[in-house]
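A structural walkthrough
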Amino acid sequence: MNTAPLPADDSLLADLEDVLEDEAPAAAPAAAPPKRNFAQIMRRIPVTLTLEVGSAKLSLQDLAEIERNSVIELDSLAGEPLTIKVNGTAIGRAEVVVSGENYGLKVIELSDLNLDSLTS
């Protein structure tokens, strides 16, 4: 049995290359990334809301002398609205209320928190 290679036909080879090139998937143009809505992204970021009763400045000596039943006077007046903070930044004032079995806060004053004014 003769297994000699067949003579190459240049036109057949060229036609085969053209077919293979036509069938090869064309590179898709790079799609532009979708525009991000920065305000919507910001709305999903978790933050910590706290209600600050007051504060007191004292020396390390005074701090060392604190024990059970010690009373430390704060800089806020009883009955005065308390400060609402988000991640440590004051955003308004509120008073403490009871909400079911938990404490809650009733907002009295709130600074502008317009997240929609943020742009990408």
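Note: the structure precedes this text.
Owing to the predicted nature of the structure, the values given are computational and were not obtained by experimental measurement.

Parameters at a glance
- Residues numbered from 1 in each chain as written.
- Predicted model: local features only at pLDDT ≥ 70, side-chain atom pairs only at ≥ 80, totals over all residues.
- Heavy atoms only, no water.
- Helix = DSSP H or I, 4+ residues; strand = E, 2+ residues; numbered from the N terminus.
- Buried < 20%, exposed > 50% of the residue type's maximum accessible area, 1.4 Å probe, protein only.
- Polar contact = N/O pair within 3.5 Å; in protein donor to acceptor, adjacent residues only side chain to side chain.
- Pairing = 2+ DSSP bridges.
- Axes fitted to C-alpha atoms, helices over the stretch in contact; angles between N-to-C directions.

1. Focus on the environment of E65
You can see E65 is positioned in the loop between α3 (60–64) and β2 (82–86). For E65, a relative accessible area of 48% translates into the label partly exposed. Within the structure, E65 has its side chain in polar contact with the side chain of Q61 (distance 2.6 Å).

2. What to know about the sheet that holds β2
Taking strand neighbours across the sheet as the criterion, the four strands line up as β1-β2-β3-β4 in an open arrangement whose pairing is antiparallel. Of all strands in the sheet, those bounded by a partner on one side alone are β1 (49–52) and β4 (102–110). Adjacent strand axes in the sheet meet at a mean angle of 45° when their direction is disregarded. The pairing of β1 with β2 spans four bridges and is antiparallel. Bridge assignment links L51 to a residue of β2, and that residue is I84.

3. A word on unusual backbone geometry
Among all residues save glycine, negative phi is the norm, and among peptide bonds the norm is trans. Phi at N69 takes a positive value of approximately 75°, unusual for a residue other than glycine. Relative to the helices and strands, N69 is located in the loop between α3 and β2. Although it is not a glycine, N87 adopts a positive phi angle of roughly 50°. For N87, the location among the structural elements is in the loop between β2 and β3 (89–99). Judged by its relative accessible area of 52%, N87 is exposed.

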